[in-house]
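Tertiary structure, described
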Amino acid sequence: YAAPYSGVAVGLLPSNDPATATAKLPAGADGSYRTLYDQGNGQPYLLSPAFVAATTAGTNGFAKAVVKNTLLDWTPKAPMALCNGGLDPTVPGFNSAKASAGFAAKGVTVPHWDLENAASVPPAIKAAFDALKAQTVAASGEAGMIAAYHGGLVPPFCMALAKGYFDQLAATAN
């Protein structure tokens, strides 16, 4: 792990109480724990540059275990959809994008909506999501918005998109 996480990250997880465990991590510059990789913005990041390089190159045990246990090498047999918010501090959105692209390479269309990407969601959904984010920032600051993002801001919009998609599938199946 990279500083400032190197002194506290080892042994925190798995845990029966992840909230208490992650509360022991020093927050990043924006008050969240969302920066795992150095993005060049000066925010502390969790993983050391050496670990990231070895993982990216596929030369360490972690990378080999990920390849062995990947969930990306399968083909959906039933309709599915993927949705995320690109600022999510809990679930990185790149996983959904990679999965959707992998399914498309196998000839299976799996919609992927990123609420931060206006090109991937209907304008009304994007406008409402952005308005709720702005309202949350006004009430709680940027850190409060990030804290509410995964569990409060993203779910109702992803649920609405998924419901619309599956309702449309059901209507065309009848």
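The text that follows walks through the structure, step by step, so that each part is easy to find. Predicted, not measured: the structure shown is a model, and the values here were computed from it.

1. A closer look at the nonpolar core
- Counting residues in hydrophobic clusters, the biggest one holds 14 residues, and the most contacted among them are L115, V121, I125, F129, Y149, V154 and L161.
- Per element, the largest residue contribution to this core is 11 residues, and it comes from helix α5 (residues 123-173).
- Setting aside residues up to four positions removed in sequence, F129 forms contacts with L115, E116, Y149, L153, V154 and F157.
- Counting residues in hydrophobic clusters, the runner-up holds six residues, among them M80, A99, F103 and V108.

2. What to know about the state of the cysteines
- Under the defined criterion, the tally for this structure stands at one disulfide.
- Residue C83 pairs covalently with C158 via a disulfide, S to S 2.0 Å. In this structure the cystine formed by C83 and C158 twists about its S-S bond by roughly -75°; its chirality is therefore left-handed. Residue C83 is found in strand β1 (residues 82-84), and its partner C158 is found in helix α5; the two are separated by 75 residues along the sequence.
- What makes C158 buried here is its relative accessible area of 12%.

3. Some thoughts on the packing of aromatic side chains
- Under the defined criterion, the tally for this structure stands at six aromatic pairs.
- Centre to centre, the rings of F51 and F62 are 5.4 Å apart; their planes meet at 50°, and the pair counts as tilted. Linking F51 in helix α2 (residues 49-57) with F62 in helix α3 (residues 61-68), this pair joins segments that are 11 residues apart in sequence.
- Residue classification places F51 among the partly exposed positions, given a relative accessible area of 29%.
- Centroid distance W74 to F103: 5.1 Å. Interplanar angle 70°. Geometry classified as edge-to-face. Taken together, the residues span a long stretch of sequence, with W74 in the loop between α3 and β1 and F103 in helix α4 (residues 94-105) at a distance of 29 residues.
- One aromatic cluster is present, formed by W113, Y165 and F166 through successive ring pairs.

Procedures and definitions
- Residues numbered from 1 in each chain as written.
- Predicted model: local features only at pLDDT ≥ 70, side-chain atom pairs only at ≥ 80, totals over all residues.
- Heavy atoms only, no water.
- Core = buried A, V, L, I, M, F, W, Y, C linked by side-chain atoms within 4.5 Å.
- Buried < 20%, exposed > 50% of the residue type's maximum accessible area, 1.4 Å probe, protein only.
- Helix = DSSP H or I, 4+ residues; strand = E, 2+ residues; numbered from the N terminus.
- Contact = heavy atoms within 4.5 Å.
- Disulfide = S-S within 2.5 Å.
- Phe/Tyr/Trp six-rings, centres within 6.5 Å; stacked < 30°, edge-to-face > 60°.

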